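For reference, the chains in residue letters:
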Amino acid sequence: MKVDHFEQQKLLDLAAEDVALTQLAHRRRTLPEVAAVEAAEESERERSADVVRAETEAKDLTREVRRLESDVDTVRQRAARDQQRLDSGSATPKEMTGLQHEMESLARRQADLEDQELELMERLETAESALASAQQAVQEAREARERAEQRRDDALADIADGTARHETARAAIAEGISAPLLSLYDRIRAQTGSTGAAMLQARACQGCRIELNGRELAAVRNADPHEVVRCENCGRILVRTAESGL
Ligand SMILES: [Zn+2]
């Protein structure tokens, strides 16, 4: 393939844009801000699970306290009924003895229930304070996650800007290159995964960094300036310049 030597030089500008685009794509794939968001999400999930556990514990204790309160009420009502019966003066002596025994037993039962209730109230207080701490922690985790997302979005927007800029520049350069040369370049680029052309600088291909041997160098030296020559090692189009060392 023969293409004007000046046009071949444009491949170096094209390659520079492709290097920049490859770097941006790599940066996008390996963005630490993305990993930071994932870590922040995980932390938020853990803190949310803590809240659920603390809520369950507080709810269970509240239910227990209510159950005890209701038991205490039942005992109190029973004792009040017994007291009324005693006060009515219509109970027989035997009945009165029975009622007094029952009231003593009810008083012990009530004291016992109230002790249990007190202990549960203390546990409930501890559980509620743990719940408040867990809610505070989840709120902080949420804010940290939102900040991490903002940093990631800023970084992604930055990469998107750079990509758009380099794509525009690449398109403008590509317009000045004839279709057969451009398609050859793109085919090689797909193979190398980076660029399709490189400068021959100081007798070395700047794509693969390997120096041409004597035979290869002679072939390039003897080739027509408009002939498209390629690196035998990496396959890239070798662009000759004054720095080529020929
Ligand atoms: Zn090479």
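Described in the following lines is the structure provided in the data block. (Residues numbered from 1 in each chain as written. Predicted model: local features only at pLDDT ≥ 70, side-chain atom pairs only at ≥ 80, totals over all residues. Heavy atoms only, no water.)

### Regarding the pattern of salt bridges
Opposite charge on two side chains lets them pair, provided their charged atoms get close.
Logical step 1: Summed over the entire model, instances satisfying the criterion amount to 22 salt bridges.
Logical step 2: In this structure, the salt-bridge partner of Glu 46 is Arg 47, at a minimum N-O distance of 3.9 Å.
Logical step 3: On the basis of relative accessible area, Arg 47 is assigned to the partly exposed category, the value being 25%.
Logical step 4: The residue Glu 114 makes a salt bridge to Arg 76 at a minimum N-O spacing of 3.4 Å. (Salt bridge = Lys/Arg side-chain N within 4 Å of Asp/Glu carboxyl O. Buried < 20%, exposed > 50% of the residue type's maximum accessible area, 1.4 Å probe, protein only.)

### A short note on the coordination of the zinc ion
Logical step 1: Coordination of the zinc ion by the protein is provided by Cys 205 (SG), Cys 208 (SG), Cys 231 (SG) and Cys 234 (SG), with metal-donor distances spanning 2.3 to 2.4 Å.
Logical step 2: Bound by four donor atoms, the zinc ion shows angles of 104 to 115° at the metal and therefore tetrahedral coordination geometry.
Logical step 3: Going along the chain, you hit the donors of the zinc ion in the pattern C-x2-C-x22-C-x2-C.
Logical step 4: Residue classification places Cys 205 among the buried positions, given a relative accessible area of 0%. (Donors = N, O, S within 2.8 Å, 3.2 Å for Na, K, Ca; no water. Tetrahedral: all angles 85-135°; square planar, octahedral: opposite > 155°, others 65-115°.)

### Observations concerning the nonpolar core
Logical step 1: Residues Leu 11, Leu 14, Ile 177, Leu 181, Tyr 185 and Ile 237 are the most contacted members of the largest nonpolar core, which totals 17 residues.
Logical step 2: Elements represented by at least two residues in this core include exactly α1 (5–29), α3 (93–175), α4 (179–192) and β4 (237–240).
Logical step 3: At five residues, the largest contribution of residues to this core is made by α4.
Logical step 4: Other than its neighbours up to four places away in sequence, Ile 177 contacts Glu 7, Lys 10, Leu 11, Leu 14 and Leu 182. (Core = buried A, V, L, I, M, F, W, Y, C linked by side-chain atoms within 4.5 Å. Helix = DSSP H or I, 4+ residues; strand = E, 2+ residues; numbered from the N terminus. Contact = heavy atoms within 4.5 Å.)

### Examining the environment of Asp 13
Logical step 1: Assignment of secondary structure puts Asp 13 in helix α1.
Logical step 2: Residues Asp 13 and Pro 93, spaced 80 residues apart in sequence, show a C-alpha to C-alpha distance of 116 Å.

### Side note on unusual backbone geometry
Logical step 1: Unlike most non-glycine residues, Ala 202 shows phi in positive territory, near 45°.
Logical step 2: Take Ala 202: it is sitting in the loop between β1 (197–201) and β2 (204–205).
Logical step 3: By relative accessible area, which is 52% here, Ala 202 ends up exposed.
Logical step 4: For Arg 203, which is not glycine, the phi torsion reads 70° and is therefore positive.
Logical step 5: Counting through the fold element by element, Arg 203 comes out in the loop between β1 and β2.

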